[in-house]
Amino acid sequence: MSDLDRSRAQGLMQAAGLDALVLFQPEAFRYAIGAPAGVATMWGRAGAAAALVPADASLPLAAVASDHAALAIRLKSPAVDLRTHRIWIDGVDLQGATRLADIDGCYRRSGAGGPRPETFDRSRCFDLLGDLLAVRGLSHGRVGVDLEFMPAADFEALRRALPTISWVDGSDVLRRLRAIKTPNEIHRLRRAAQAAEGGLVRMAKAIRPGSCLADLSTAWKAGAQDAATAGGFSLSGHWDFISVGPDLSNMAAVVSPGVLIKADVGTLVDGYSSDGARTFSYGPVSDLAQDVFKALEAAFAAGLEQIRPGNTFGAVHAAMLSSMRRDGIGEYFRGHFGHSVGGSVGIEEWPFFSANNPELIEVGMVVALEAPFYGQNFGALMIEDQFLVTASGVECMNALPRNLRDLSAD
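Residues numbered from 1 in each chain as written. Predicted model: local features only at pLDDT ≥ 70, side-chain atom pairs only at ≥ 80, totals over all residues. Heavy atoms only, no water.

Moving on: unusual backbone geometry. The bulk of non-glycine residues show a negative phi, and the bulk of peptide bonds are trans. Of note, the amide linkage connecting Trp350 to Pro351 takes the cis form, showing an omega dihedral of 5 degrees. As for its placement among the helices and strands, Pro351 is situated in strand β12 (residues 349-354). Phi is positive for Asp270, which is not a glycine, with a value near 50 degrees. Within the secondary structure, Asp270 is located in the loop between β8 (260-269) and β9 (272-273). For Asp270, a relative accessible area of 40% corresponds to the partly exposed category. (Helix = DSSP H or I, 4+ residues; strand = E, 2+ residues; numbered from the N terminus. Buried < 20%, exposed > 50% of the residue type's maximum accessible area, 1.4 Å probe, protein only.)

Glancing now at the pattern of salt bridges. Inspection of every chain in the model, using the stated rule, returns 20 salt bridges. The shortest N-O distance in the salt bridge between Asp67 and Arg116 comes to 2.9 Å. Taken together, the residues Asp67 in the loop between β3 (62-66) and α3 (70-76) and Arg116 in the loop between α4 (103-110) and α5 (122-135) connect sequence positions 49 residues apart. Taking the shortest distance from any N to any O, the salt bridge between Arg278 and Asp385 comes out at 2.8 Å. Placement of the pair is Arg278 in strand β10 (residues 276-281) and Asp385 in strand β14 (residues 379-390), with a sequence separation of 107 residues. Exposure remark for Asp385: the relative accessible area of 1% places this residue in the buried category. When salt bridges with common partners are traced through the structure, they connect Glu148, Asp172, Arg175, Arg176 and Glu359 into a single cluster. (Salt bridge = Lys/Arg side-chain N within 4 Å of Asp/Glu carboxyl O.)

In this section: the layout of surface pockets. The computed volume of the largest pocket comes to approximately 360 Å³. The set of elements that each furnish at least two residues to the lining of the largest pocket consists of α2 (26-33) and α8 (183-206). Of the residues contributing to the lining of the largest pocket, the split by class is seven nonpolar, six polar and seven charged. Taken as a whole, the second largest pocket spans an internal volume of roughly 250 Å³. Taken together, 14 residues line the second largest pocket, and the ones lying closest to its centre are Gln25, Glu148, Leu174, Arg175 and Ser344. Among the elements of the structure, α7 (171-179) and β12 are those that each provide at least two residues to the lining of the second largest pocket. Here the element with the most residues in the lining of the second largest pocket is α7; it accounts for five residues. Of the residues contributing to the lining of the second largest pocket, the split by class is five nonpolar, three polar and six charged. Taken together, domain 1 (6-179) and domain 2 (183-406) each give at least three residues to the lining of the second largest pocket, which thus spans both. (1 Å grid on protein atoms, 1.4 Å probe; cavity = no way out; pocket = protein on both sides within 12 Å on 5 of 7 lines; lining within 4 Å. Points joined across faces, edges and corners; volume = space filled by probe spheres on them. Nonpolar A, V, L, I, M, F, W, Y, C, P; charged D, E, K, R; others polar. Domains from an automatic or database assignment.)

When the UniProt feature table is mapped to this numbering, "domain: Creatinase N-terminal" (unreviewed entry) covers residues 127-180. This span, residues 127-180, is 52% helix and 15% strand, and a straight line between its end C-alpha atoms measures 33 Å. (UniProt positions renumbered as here; feature names shortened; annotations may be inferred.)

So, on to empty space enclosed by the protein. One pass over the structure, following the stated rule, counts two cavities of 30 Å³ or more. There is about 80 Å³ of room inside the largest cavity. Lining the largest cavity are 14 residues, and of these Glu197, Leu200, Gly276, Ala277 and Asn398 lie nearest its centre. Mapped by element, the contributors of at least two residues to the lining of the largest cavity are α8, β10 and β14. Taken together, the residues of the lining of the largest cavity break down into five nonpolar, four polar and five charged. Estimates place the volume of the second largest cavity at around 60 Å³. Arg278, Thr279, Phe280, Leu400, Pro401, Asn403 and Arg405 are the residues that line the second largest cavity.

Right, let's get into the nonpolar core. One finds Phe29 and Ile33 to be the most contacted residues of the largest nonpolar core, which totals 38 residues. Here the element with the most residues in this core is α2; it accounts for five residues. Two domains share this core, each providing at least three of its residues, namely domain 1 (6-179) and domain 2 (183-406). One finds Ala295, Ile307, Met320 and Met324 within the second-largest nonpolar core, a separate group that totals 33 residues. (Core = buried A, V, L, I, M, F, W, Y, C linked by side-chain atoms within 4.5 Å.)

Shown next, in the form of structure tokens:
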């Protein structure tokens, strides 16, 4: 099922003067259509799959995808008007076949036989897209494309293939659509945060003098997977940035008394990634580490107070940077203190809590607020939580305490 709010999409496209959006990025395709674009997207080139979102919300969604991906798309999104093109993968339905001699007949009956391209035929995909646009009366329309993804060579080929259409950049409309989450997206992000925290609980139990960084990562992954299983859902991915000790580049580091252990982690549920972080030690840390962490705690609290509907993303950044200045760190210049989260490419989504960012915080956004500090020959400290923006403020999706936790005291 699509995660698109068609009514909101219509308003944003009308404001941008667009008749439709055509989305080629695999993550954007899945967002719009509600099903994966298929293996042919592995090369990161436009033409393997395309989602058509008409500005008129009364018109159905449409898509171009490979014959290999078609079955999954039709099962997940039966209302989508789907056109298929052939890719390199050869497959056939052998229902009723009992002998080798029956196979060719199955190919002929299903239309699966015949030559296939080396990978996929970009021009065929564009032709099918043109047909879909023509059916909707958009052959001379103004159509937005996700140019933040689309390779320049593919965009030029698209313009040549369908020259009567006015192709423009639709990336801003897509970003604004994705910034406000639907209930289903929020549900995935809650689950992802839940699993990631389960991993942190398991990792904390594995922290002992002599534990190596790789062991902590393994423990985190196992705990996250077990938390997902216990919650009745599955993970589609995971990532972790764990550091141990004063040398931030030492991947062979081991835990020793008093060193800093930072875990910035996330799991993915149906492609939607959580983002959170905690800091631990085994034994008392230095006075400097305690003082820096207190400054981060104050900055985090100052930023959190600013996350409310109608305020700007820049106001959050200003509050946190001012807090660090008040605590005596005048040369700390963090580019951003967090961001939206979701199912786009990478962990961090637009908008960001960055300097002078005028974007407004809106109800339905899911954001990660972070207060990090990195020092070579010192270590890493970080606090990060995930929040849903509500009409009255924010709702935290995390449950673990944010303090610098000395595990030797447990």
